[in-house]
Amino acid sequence: MNQPAAQPQADVAGDCLLDVFHITPVEPVKAEGVWITAKDGRRYLDFYGGHAVALLGYGHPRLCATLDAQARTLFFQSNAVDIAVRRRAAERLVKFGPKELTRAFFVNSGAEANENALRVAFLATRRPRIIAVTGAFHGRTAGAAAITAGHEKWYAYPNKPFDVTWVPVDDVAALEKAFGIDVAAIILEPVQGVAGAKDLSPEFMKAARALATCWGALFISDEVQCGMGRTGWPFAVMAHGIVPDIITTAKGLGGGFPVSAVLVTDALAAVVKKGDLGTTFGGGPLACAMVETVIDTIEQEDLLPRVRRLGERIRKEAVVGPVVGVQGAGYLIGLRTRRPAKEVLEQLRAKGIMAGSAGDPHIVRLLPPLVLEDAHVDLLIAALKEIPA
Ligand SMILES: Cc1ncc(COP(=O)(O)O)c(C=O)c1O
């Protein structure tokens, strides 16, 4: 790609922002489709989607029209009143997922969705322990952090909120040992995102479901990152033919508008009483209008077959240049690199491609928008081929 020279940029967040993020040295000023334009005039093909949020790319005409129309009609109302767009969004979302999950609760972030899923699990079972999987990332709030790998380094609260048993990825024997009568739920990401797009084995997934049922515990599928069509299925757990008790989802759910949701079965909905859960912003009209349009767009543009086909193409063709292996599903892909992923990411950026890092320093994570096309995959493969092994 013919590009102006990159302008050097310091790793600073600005004078008035808390300096808590590692800043990528690109300052986006506008974006359209799958392309980002930076302040220095350079263009980048986006294989990262702003932490997987830009599910339908940038400036999608349907999303822009929805946001504009809803903002002009009813900008905000809380859950203290019944609004049609919220009812419609809930209906749309539960129809998108497994048919056994019939109720939705809207909140604002991935962590908040998981906090509420845990609350439902504790309310429903009155048991004290959660099983989590090594490498998991479930969020930064107290409960979500307690089930997030490596939180000991940054979790500053003085006490742990509940007991957690960690099970190694794909270790069915450890899973069998971990279950017991005091387990409220197992929570897992069918494809672990932050860990590097690690897809859990079908055997592990099935064993987790069977053991949870056998012990009267709940199965929570955290699809904050891998849900909303990203793996080529509405929700990743559906690829395994498994019905979870709870699904949490966020990131792409609003196509860039902040919104998350907890989906539960009728049986769980019956346990949760008025006042048990709550939120001020969750389920606002703008968020709900976006949820409706995101799902409509995925279905009307028939994006899921394309995600499966192109995801498979990337998996087959991306083992070139510095890449020695591929993991993940659909458009949640981890490229295992011989050299540190950080170097590969810099070289991809120099060639006009944005991708992401992962907890594993030898994984480049790809989370492109679902509207990606063959020509974009061609550019990725060509760029990887030019990067030395
Ligand atoms: C699987 C998963 N769960 C939960 C979260 C937390 O989401 P949020 O940052 O919106 O709180 C993330 C964020 O990356 C995630 O990938």
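Please read all numbers here as calculations on a predicted model, not as lab measurements.

Undergrad: I'm lost on the environment of V164 in this one. Help?
TA: With respect to the helices and strands, V164 occurs in strand β6 (residues 163-167). Exposure remark for V164: the 16 C-beta atoms within 10 Å place this residue in the partly exposed category. Residues V164 and L332 lie 168 residues apart in sequence; the distance between their C-alpha atoms is 27 Å. Non-local contacts of V164, meaning those with residues more than four positions away in its chain, are made with I130, A132, A146 and I147.

Undergrad: Any chance you could explain helix α4 (residues 110-125) here in plain terms?
TA: For an α-helix, the turn length of 3.6 residues means that residues three or four places apart are oriented alike. For α4, built from 16 residues, the straight-helix expectation of 22 Å at 1.5 Å per residue is met to within 8% by its first-to-last C-alpha distance of 23 Å. Summarising burial for α4: twelve of the 16 residues are buried, a large majority. Where α4 is concerned, the buried positions are G110, A111, E112, A113, N114, E115, N116, A117, L118, V120, A121 and A124.

Undergrad: What is the right way to read the domain arrangement of the chain from this model?
TA: For interface size, the figure often reported is the accessible area lost on association. Per the domain assignment, the segments of the chain are domain 1 (28-46 + 302-386) and domain 2 (61-300). Between domain 1 and domain 2, the C-alpha centre-to-centre distance is 26 Å. Elements with a minimum of two residues in the side of domain 1 that touches domain 2: α10 (303-317), β13 (323-329), β14 (332-337) and β16 (363-366). Residue composition of the side of domain 1 that touches domain 2, grouped by class: ten nonpolar, six polar and three charged.

Undergrad: Can you walk me through the pairing of strand β1 (residues 28-32) in this structure?
TA: Looking along a regular strand, one sees the side chains alternate between the two faces of the sheet. Burial analysis of β1 places just zero of its five residues in the buried class, a small minority of the element. Examined bridge by bridge, β1 and strand β2 (residues 35-38) share four bridges and lie antiparallel to one another. Its bridge partner lying in β2, P28 is registered against A38. The turn linking β1 back onto β2 is made up of two residues, and G33 within it adopts a positive phi angle of 60°.

The rules behind each value
Residues numbered from 1 in each chain as written. Predicted model: local features only at pLDDT ≥ 70, side-chain atom pairs only at ≥ 80, totals over all residues. Helix = DSSP H or I, 4+ residues; strand = E, 2+ residues; numbered from the N terminus. Buried ≥ 20, exposed ≤ 12 C-beta atoms within 10 Å, placed from the backbone. Contact = placed C-beta atoms within 7 Å. Expected span 1.5 Å × (residues − 1). Domains from an automatic or database assignment. Nonpolar A, V, L, I, M, F, W, Y, C, P; charged D, E, K, R; others polar. Pairing = 2+ DSSP bridges.

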